[in-house]
Amino acid sequence: MIAKLDSLGPEERRRGVIAASAGNHAAALAYGCALEGIDCLVVMWDGASELKRAAAEGYGAVIDTEASGPGDVFDRLAELEKETGRVLVHPHEDPLVLAGQGTVGLEIAEDLPDVDVVVVPVGGGGLVGGVASALPGPRIVAVEPVGSAALGESLAAGRQVRIEPRSIADGLNTPLAGELPTHICRERGVEHVLVTEEEIEEAFRFLYERAKLAAEPAGAVGVAALLAGKVPDVEGATVAVVVSGGNVAAQTAAGILKRRLPEAEK
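All of these numbers come straight from a predicted model, not from anything done at the bench.

(A) Main features of the packing of aromatic side chains. A full pass over the atoms with the stated rule returns one aromatic pair. With a centroid separation of 5.2 Å and 70 degrees between ring planes, the pair formed by Tyr 31 and Tyr 59 is classed as edge-to-face. You can see Tyr 31 sitting in helix α3 (residues 24-36) and its partner Tyr 59 sitting in the loop between α4 (50-58) and β3 (62-67), a full 28 residues away along the chain. Residue Tyr 31 is classed as partly exposed on the basis of its relative accessible area, which comes to 42%.

(B) Main features of the nonpolar core. Val 17 and Leu 29 are the most contacted members of the largest nonpolar core, which totals 31 residues. Of all elements in the fold, only β1 (17-20), α3, β2 (40-45), β3 and α5 (73-84) reach the threshold of two or more residues within this core. When residues in this core are grouped by element, the largest group, six residues, is from β2. If near-sequence neighbours (up to four positions away) are discounted, Leu 29 is found in contact with Met 1, Leu 5, Val 17, Ala 19, Cys 40 and Val 89.

(C) Expanded view of the pattern of salt bridges. Applying the stated criterion across every chain yields a total of 14 salt bridges. With its nearest N and O atoms 2.9 Å apart, the salt bridge here joins Arg 76 to Glu 79. Pair noted here: Arg 76 and Glu 79 are both in helix α5, with a separation of three residues, about one helical turn. Given a relative accessible area of 16%, Arg 76 falls into the buried group. In this structure, Lys 230 and Glu 199 form a salt bridge, with 2.7 Å as the shortest nitrogen-oxygen distance. On the criterion of sequence distance, the pair formed by Lys 230 in the loop between α11 (221-227) and β8 (239-241) and Glu 199 in helix α10 (residues 197-209) is long-range, its members being 31 residues apart.

(D) The arrangement of the sheet that holds strand β5 (residues 117-121) in detail. With parallel pairing, four strands are arranged side by side in an open sheet as β7-β6-β5-β8. Among the strands making up the open sheet, the edge pair consists of β7 (191-195) and β8. Each adjacent strand pair in this sheet contributes to an overall mean axis angle of 25 degrees, direction not counted. Pairing of β5 with β8 involves three bridges; the strand directions are parallel. Opposite Val 117, over in β8, you have Val 239 as the bridge partner.

(E) Local environment of the environment of Ala 218. Tracing the sequence through the fold places Ala 218 in the loop between α10 and α11. Sequence spacing of Ala 218 and Val 122 is 96 residues, and the spatial spacing of their C-alpha atoms is 8.3 Å. Ignoring sequence-local partners within four residues, the contact set of Ala 218 consists of Pro 121, Ala 169, Gly 171, Leu 172 and Ser 244.

The rules behind each value
- Residues numbered from 1 in each chain as written.
- Predicted model: local features only at pLDDT ≥ 70, side-chain atom pairs only at ≥ 80, totals over all residues.
- Heavy atoms only, no water.
- Phe/Tyr/Trp six-rings, centres within 6.5 Å; stacked < 30°, edge-to-face > 60°.
- Helix = DSSP H or I, 4+ residues; strand = E, 2+ residues; numbered from the N terminus.
- Buried < 20%, exposed > 50% of the residue type's maximum accessible area, 1.4 Å probe, protein only.
- Core = buried A, V, L, I, M, F, W, Y, C linked by side-chain atoms within 4.5 Å.
- Contact = heavy atoms within 4.5 Å.
- Salt bridge = Lys/Arg side-chain N within 4 Å of Asp/Glu carboxyl O.
- Pairing = 2+ DSSP bridges.
- Axes fitted to C-alpha atoms, helices over the stretch in contact; angles between N-to-C directions.

Laid out in structure tokens, this is it:
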């Protein structure tokens, strides 16, 4: 994010920036803008995570929620971009944003130079596109929820496909995968798997109970794929899984954890 903001000239900084986000891109952009002294407008939608909205607002962003749902958010973004003249900071179509996300891959290479497989959660595809670009050697496995598989649909169709996303992994609920990361994934030979809502919840519990990580459901989908045995040929391999996102509402976390408690403990 900072790489994109650092590229802006004085006139662009005066105009401010605009983005659309389910929440995590919003918070990251708002935080970066607070550091850089840049005005920030984020398009979310009615019903988006209140926790993530509050985080972005806490960093100083103005939030627009006129979009009725994730399917309308990019139309609203285009409308406001034209009206306001702000600089667009796209979550998954901007090469500089992807380059910033690719630093996750560089960190993996630094910490685990012999890595064979890297498993990455996918919403719009910016993270997996950046990681795949930064790591030319290992297998890259993109993981999406069954109900929010914009990248998988686009890869299968050979074109950008609009979907109506529905998943407990709200950070991955995007109507479109980016054309740029989809192209990168296709050219790079990125593998793709799907996980169910039940598998995501099981991974969420595993991360909380065993790894002591307060990850959000979106951050748990890569672990879900591994626990469910959906990533092939990993026996004996060195595997890294990206757990990205910790913005989960307390009631959501409690609900997932409670669902596996014995009846007597509920």
